[in-house]
Amino acid sequence: MNSLAAVPERLAVIGGDAAGMSAASVAHRRDPDLEVVAFERGAYTSYSACGIPYFVAGTVGESENLIARSPDEFREQGIAVHTRTEVVGVDLDRRELTVRELNGGRERQEGFDQLVYATGAEASVPPVTGAEVLEPVLKIEPAERLSSALHGQEGKHALVIGASYLGLEMAEALISRGLEVTLIDMAEQVMGSLDTDMAAHMQDAAEGLGIRVRLSTALEEVLLDENDHPRAVRTSDGEIRADFVLPSAGLKPLTELAEAAGLELGDTGALRVDDHQRCPGHDGVFAAGDCVESWHRLLERPVNIKLGTHANKQGWVAGSNITGGDFAFPGVIGTAVSKICHQEVGRTGLSESEARDAGIDYVTATIRSTTRAAYFPGAGPIWVKLLADPSSGRLLGGQIVGVEGAAKRIDVLATCVWTGLPVQEMQLLDLSYAPPFSGVYDPVLIAARQVAKKVTG
Ligand SMILES: Cc1cc2nc3c(=O)[nH]c(=O)nc-3n(C[C@H](O)[C@H](O)[C@H](O)COP(=O)(O)OP(=O)(O)OC[C@H]3O[C@@H](n4cnc5c(N)ncnc54)[C@H](O)[C@@H]3O)c2cc1C
């Protein structure tokens, strides 16, 4: 390796999914002479973890449908992908990785000039007796195992730990496979990323589908049968029968390897990076995706929000900058969307609790309207909640829950939050209208008008 060369010779990527393979692809495209090598401990590359609940539900067919680009496709393009190969050591001074082949256990050294660290996140499994047998379903292989295990298990009992959007999506998938499902969470509401009033609609949707939601309920023990399979769980609210137990109680950035190599962690526990995805103090070392911090444009501090949308963009930024580009990742505002139990849900910017915790003043308004003109077939309820600065009217955040057609309206709100548009101006924004899509005033405009009435400036 010649680390003094003006053009990097060998780029190594740790982690073969959204962030890592985005970086690898763009770097290879921009500089075909660069040798690009990627290490992935699983069997797949560039898979859609986001599609896992739909695969488990049986909605999207085979698991291969979730693979955007296979290891062989990358190899054909000239990117050397090593699957079932785990990076177990990083020596930044010697520019060397220690990698272990998971089939056979052989270890070897691999050199690099530039490095992208994109190891993602892992599940936080509650530290209670019996939980060690539980398998989080964040990757394709465990999803395949779960899906096979569910065959012929209709009527059995499943328990999902954690009522975030991931827990709700998995609970819905299990219901659609014919199981009786209980969802527990220590919190007092589902989906902590929403305000309580909006989260209540999601709880209604889950319960409407038959999911038993038990809040303020802590897991205390997983009770196992003689084969070490779950048979029940003990909780702060009594025992619950459970033939399947799915941990979905949060994710933490996977940073041990980077920490051991001397890379810096931020207060969130994720890797600290600058806006070019560079790891401070380490030339030629980049990081992207679920394992890093991102700048929150409203809170004006780093956050660790684990979403595929950020991972892909940050990987692109890293890969571009490695090959002579000068691109900044502009930060995040907490935009997310999901479809859960026949309800669509989206959020962007600040929730009430985030604004309160950050000492940011706000006024708020929530409206109920219809997704299409009220008379048009398929019209259904939509709730839109907005937060605005009480004196300038700047839109600070929005949440939307509703039937089909509701959620992607969050992108209008995200654009307004991003640009700092005041709600007084937003209420007459030139948005499109036709009866199959909305009433003549779109619900986001109605909500803007309501919150604008409370702006005093
Ligand atoms: C069920 C589910 C649903 C989701 N739904 C959405 C959604 O709807 N929208 C959205 O935006 N996001 C969603 N996400 C989040 C999204 O999938 C992640 O944010 C995204 O995959 C992060 O990409 P990443 O490349 O940073 O990490 P990952 O996708 O986790 O990839 C990291 C890779 O690194 C590998 N790795 C780790 N350590 C090593 C090592 N030492 N050596 C070799 N390889 C290693 C891992 O095996 C993994 O394949 C969902 C996630 C899950 C689990």
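Small disclaimer: the values here were computed from a predicted structure and weren't measured.

Thresholds applied
- Residues numbered from 1 in each chain as written.
- Predicted model: local features only at pLDDT ≥ 70, side-chain atom pairs only at ≥ 80, totals over all residues.
- Heavy atoms only, no water.
- Pairing = 2+ DSSP bridges.
- Helix = DSSP H or I, 4+ residues; strand = E, 2+ residues; numbered from the N terminus.
- Axes fitted to C-alpha atoms, helices over the stretch in contact; angles between N-to-C directions.
- Left-handed = near helix turned anticlockwise from the far one by under 90°.
- Contact = heavy atoms within 4.5 Å.
- Nonpolar A, V, L, I, M, F, W, Y, C, P; charged D, E, K, R; others polar.
- Expected span 1.5 Å × (residues − 1).
- Buried < 20%, exposed > 50% of the residue type's maximum accessible area, 1.4 Å probe, protein only.
- Disulfide = S-S within 2.5 Å.
- Near = heavy atom within 4 Å.
- Polar contact = N/O pair within 3.5 Å; in protein donor to acceptor, adjacent residues only side chain to side chain.
- Areas by Shrake-Rupley, 256 points an atom, 1.4 Å probe, with all protein chains shown as cover.
- Phe/Tyr/Trp six-rings, centres within 6.5 Å; stacked < 30°, edge-to-face > 60°.
- Lys NZ or Arg CZ within 6 Å of the ring centre and 35° of its normal.

A. Region of interest: the sheet that holds strand 13 (residues 230–235). Spatially, the three strands line up as an open sheet ordered 12-13-14, and their pairing is antiparallel. With partners counted over all chains shown, the strands left at the sheet margins are strand 12 (219–224) and strand 14 (238–241), one partner each. On average, each strand axis in the sheet is inclined to that of its neighbour by 25°, with strand direction left out of account.

B. Geometry of the packing of helix 1 (residues 18–30) against helix 8 (residues 308–322). One way to put it is that helix 1 packs onto helix 8 with a least axis distance of 7 Å and a crossing angle of 35°. With respect to the hand of their crossing, helix 1 and helix 8 are arranged in right-handed fashion. Across the interface between the two elements, A18, A19, S22, A23, V26, A27 and R30 of helix 1 pack against A311, N312, G315, W316, A318, G319 and S320 of helix 8. By residue class, the composition of the contact of helix 1 with helix 8 is eight nonpolar, five polar and one charged.

C. Highlighting helix 5 (residues 165–176). For helix 5, with twelve residues, the first-to-last C-alpha span of 16 Å sits near the 16 Å given by 1.5 Å per residue. Counted residue by residue, helix 5 has nine buried out of twelve residues, so it is predominantly covered. Where helix 5 is concerned, the buried positions are G167, L168, E169, M170, A171, E172, A173, L174 and I175. Trailing helix 5 by a residue or two, G178 shows a phi angle of about 90°, which is positive.

D. Fine view of the state of the cysteines. The final tally for this structure, using the stated rule, is zero disulfides. C291 provides the cysteine sulfur closest to C50, a residue in no disulfide bond, and the two sulfurs are 16 Å apart. Under the relative-accessibility criterion, C50 is labelled exposed at 54%. No disulfide involves C341; its sulfur sits 18 Å from that of C50, the nearest cysteine. A relative accessible area of 3% places C341 in the buried class.

E. View of the site of the ligand. Around the ligand, the structure places 32 residues, and the nearest of them are D17, E40, Y47, D290 and L307. D17 is positioned with one of its side-chain polar atoms (N or O) 2.4 Å from an oxygen atom of the ligand. Here an oxygen atom of the ligand and a backbone polar atom of L307 are 3.2 Å apart. Burial of the ligand by the protein amounts to 91% of the accessible area it has alone, namely 1,000 Å². Of all the secondary structure elements, the ones that give two or more residues to the shell around the ligand are helix 1, strand 4 (85–91), helix 5 and helix 8. A class-by-class count of the residues in the shell around the ligand yields 18 nonpolar, seven polar and seven charged.

F. Just the sheet that holds strand 15 (residues 244–247), in detail. The strand order across the open sheet built from four strands is 11-10-9-15, with neighbouring strands paired in parallel fashion. On the outer flanks of this sheet lie strand 11 (212–214) and strand 15, each paired with one strand and no other. Across the sheet, the mean angle from the axis of one strand to that of its neighbour is 20°, orientation sign disregarded. In this sheet, strand 10 (residues 180–184) lies alongside strand 9 (residues 157–161) in parallel orientation, the contact comprising five bridges. Bridge pairing links A158 to V181 in strand 10.

G. Region of the structure containing the pairing of strand 21 (residues 343–349). With seven of seven residues buried, strand 21 is to be regarded as a mostly interior element. Strand direction decides the pairing type here: strand 20 (residues 336–340) and strand 21, joined by five bridges, are antiparallel. Bridged to S338 within strand 21 is V345. The turn linking strand 20 back onto strand 21 is made up of two residues, and C341 within it adopts a positive phi angle of 50°. Bridge analysis of strand 21 against strand 24 (residues 395–402) gives six bridges, and the strand direction is antiparallel. What sits directly across from V345, in strand 24, is V401.

H. Expanded view of the packing of aromatic side chains. Following the criterion strictly, the structure yields one aromatic pair and no others. Taking 4.8 Å as the distance between ring centres and 65° as the angle between the ring planes, the aromatic pair formed by W316 and F327 counts as edge-to-face. Here W316 is found in helix 8, whereas its partner F327 is found in the loop between helix 8 and strand 20, with eleven residues between them in sequence. Of note, R297 hangs over the ring of W418, and the distance from its end group to the ring centre comes to 3.7 Å. One cation-aromatic arrangement involves R449 over Y441; the distance from NZ or CZ to the ring centre is 4.5 Å.

I. How the structure looks around the environment of S25. With respect to the helices and strands, S25 occurs in helix 1. Separated by eleven residues in sequence, S25 and V36 have C-alpha atoms that sit 8.7 Å apart. With sequence-adjacent residues up to four places away left out, S25 is seen in contact with R69, F74 and I79.

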